[in-house]
Amino acid sequence: AQKVTQAQTEISVVEKEDVTLDCVYETRDTTYYLFWYKQPPSGELVFLIRRNSFDEQNEISGRYSWNFQKSTSSFNFTITASQVVDSAVYFCALRAGGYQKVTFGTGTKLQVIP
Amino acid sequence: GAVVSQHPSWVICKSGTSVKIECRSLDFQATTMFWYRQFPKQSLMLMATSNEGSKATYEQGVEKDKFLINHASLTLSTLTVTSAHPEDSSFYICSARLTGTDTDTQYFGPGTRLTVL
């Protein structure tokens, strides 16, 4: 069985603060893929990143960075110098190798206050 | 690249009518598409997996006779909500799976908000 836990339901930060969104996953498969999606108020899910289980390198893309740690089954997402446009619901997701289905976490609603 | 469209973006209908939602992958071919349902402030719930040229695979608890899915081409899947009732009101989202040498990712459409009166 696959499971994704996003313990933070809602987070509020003041603009320019850094914020980290937590994601913990469970799977028995040795090959799997992790994703982060952003869902702004408009509703459309925007793909942010995909990481496979064999690639533990952290990644940075502009103000976004991801910390993948297999030892703790975590795939955390950090936004540096947050902006109001970052306000959205962020979903972490997991797909086990060989399966098509993606399991989503419950999402973390981020509110960036100007 | 990897753009998925949905039509309509919103629809209001009377109870008992049927509503068809289209999902198209605009710049890639997708043998697999997915249909999700999302209630307010909740996560995405997978309804069914749609494979081109074959019958859709429905998740447990989803009525296949109520939610008809057709994936007739590599760029189009449709979801028809038959005899819609107010409890079917929701945000329906489709995604298309893009696979390649270095990628295997679902890209999502903008969603369709269905309101049944």
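Shown above is the structure to which this text applies.
Here the structure is a predicted model, which is why all the values come from computation and not from measurement.

Caption draft 1: Broad picture of the sheet that holds strand S3 (residues 19-25) of chain B. All names here are of chain B. With respect to topology, four strands assemble into an open sheet ordered S1-S3-S8-S7, the strand pairing being antiparallel. Two strands in the sheet have a free side with no partner beyond their single neighbour: strand S1 (4-7) and strand S7 (67-73). Here the average twist between neighbouring strands, direction ignored, is 15 degrees. Two elements, S1 and S3, share four bridges in a ladder whose sense is antiparallel. Pairing of glutamine 6 across the sheet is with cysteine 23, part of S3.

Caption draft 2: The interface of chain A and chain B, seen in detail. Contacts between the two partners involve 16 residues from chain A and, on the opposite side, 23 residues from chain B. Contact between chain A and chain B buries roughly 1,600 Å² in total, counting both sides, with carbon and sulfur atoms accounting for 51%. If you look at where chain A meets chain B, you find one salt bridge. Glu59(B) is the partner of Lys101(A) in a salt bridge, and the nearest nitrogen-oxygen pair spans 2.8 Å. Run the count over chain A and chain B and you get four residue pairs in polar contact (both at pLDDT 80 or more). Among the elements of the structure, strand S5 (32-39), strand S6 (46-52) and strand S10 (88-96) of chain A are those that each provide at least two residues to the side of chain A that touches chain B. Top contributing element to the side of chain A that touches chain B by residue count: S5(A), with three residues.

Caption draft 3: How the structure looks around the environment of Ser87(A). Residue and element names in this part refer to chain A. Note that serine 87 resides in the loop between strand S9 (74-79) and S10. As for serine 87 and serine 61, which are separated by 26 residues in sequence, their C-alpha atoms are 18 Å apart. Ignoring anything within four residues of it in the chain, the contact list for serine 87 reads Pro41, Leu110, Gln111 and Val112. In this structure the side chain of serine 87 is engaged in a polar contact, spanning 2.9 Å, whose partner is the backbone nitrogen of valine 112.

Rules used in this analysis
Residues numbered from 1 in each chain as written. Chains lettered and ligands numbered in written order. Predicted model: local features only at pLDDT ≥ 70, side-chain atom pairs only at ≥ 80, totals over all residues. Heavy atoms only, no water. Pairing = 2+ DSSP bridges. Helix = DSSP H or I, 4+ residues; strand = E, 2+ residues; numbered from the N terminus. Axes fitted to C-alpha atoms, helices over the stretch in contact; angles between N-to-C directions. Contact = heavy atoms within 4.5 Å. Buried area = accessible area lost by both parts, 1.4 Å probe. Salt bridge = Lys/Arg side-chain N within 4 Å of Asp/Glu carboxyl O. Polar contact = N/O pair within 3.5 Å; in protein donor to acceptor, adjacent residues only side chain to side chain.

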